Amino acid sequence: MEFLTAIEVEVEFIIHNYRHLRNVVVKRLELPGFSFRLTPDSTIGGCPIEALDIPPRASYPDASPRYDLLNFRLTTKLDCFHFQCGQKVLVDRIICSL
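The structure contained in this document is the topic of the report that follows.

Cut-offs and rules
Here, residues in each chain are numbered from 1, in the same order as that chain's written sequence. Predicted model: local features are reported for residues with pLDDT of at least 70 only, side-chain atom pairs are reported and counted for 80 or more only, and whole-chain, interface and lining totals are derived from all residues. Values reported for side chains reflect all heavy atoms of the structure, with hydrogen atoms and water molecules removed beforehand. Each helix corresponds to a stretch of at least 4 residues labelled H or I by DSSP, and each strand to a stretch of at least 2 residues labelled E; elements are numbered beginning at the N terminus. The globule rule used for comparison is 2.2 Å times the number of residues to the exponent 0.38, while the radius of gyration itself is calculated over C-alpha atoms. Residue burial is assigned from relative accessible area. The probe radius is 1.4 Å, only protein chains are included, and a residue is buried under 20% of its type maximum, exposed over 50%, and partly exposed in between. In what follows, residue pairs with any heavy atoms lying within 4.5 Å of each other are defined as contacts. Calculation of accessible area relied on Shrake-Rupley with a 1.4 Å probe; when residues are assessed, cover is drawn exclusively from the protein chains displayed. Residues scored as charged are limited to Lys and Arg (positive) and Asp and Glu (negative), so that His and the chain ends carry no count. Here the site of a charge means NZ on Lys, CZ on Arg, CG on Asp, or CD on Glu. Polar contacts, as used here, are pairs of N or O atoms within 3.5 Å; protein pairs need one atom able to donate a hydrogen and one able to accept it. Residues neighboring in sequence count only if both atoms are side-chain atoms.

## Describing the overall build of the chain
Here is step 1: Helices and strands together make up the secondary structure of the chain, namely zero helices and six strands.
Here is step 2: Counted from the first residue to the last, the chain has its helices and strands arranged as β-β-β-β-β-β.
Here is step 3: A globule of 98 residues ought to have a C-alpha radius of gyration of about 13 Å, and the chain, at 13 Å, matches this closely.
Here is step 4: Structurally, the chain occupies a C-alpha span of about 40 × 35 × 20 Å along its principal axes.
Here is step 5: Every one of the 98 residues in the chain was classed for burial, and the buried ones make up 35%.
Here is step 6: By sequence separation, contacts in the chain at least 24 residues apart represent 68% of the contacts at least 6 residues apart.
Here is step 7: By element, 55% of the accessible surface of the chain is carried by carbon and sulfur atoms, the whole surface being about 6200 Å².
Here is step 8: Between the averaged position of the 11 positive side-chain charges in the chain and that of its 12 negative side-chain charges there is a distance of 6 Å.

Structure below.
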């Protein structure tokens, strides 16, 4: 069974200063094991998402890898300016499978 839902995330960093990159990297706040897929109408913080990119290579201060991050590519580079580190936003119109 599949259903349309949203998850809350916290913005870790924004990548918008190199070539055509327009990504928002977020930490999941709800349901860490929750799997989902994007729809053509999916948004983050109200901004359209083009794709869920490869997770960023990030680590904790002790050098252990971070697996709690998601990397969303925005449809429009200018949308990057709607986000700030630490901001909590919804990833909306995603499909969850049970």
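## Considering the side chain of Arg66
Here is step 1: With respect to the helices, strands and loops of the structure, Arg66 is situated in the loop between β4 (47-53) and β5 (69-74).
Here is step 2: Using a relative accessible area of 16% as the deciding quantity, one classes Arg66 as buried.
Here is step 3: Within the structure, the side chain of Arg66 is placed 3.2 Å from the side chain of Glu12, a separation counted as a polar contact.

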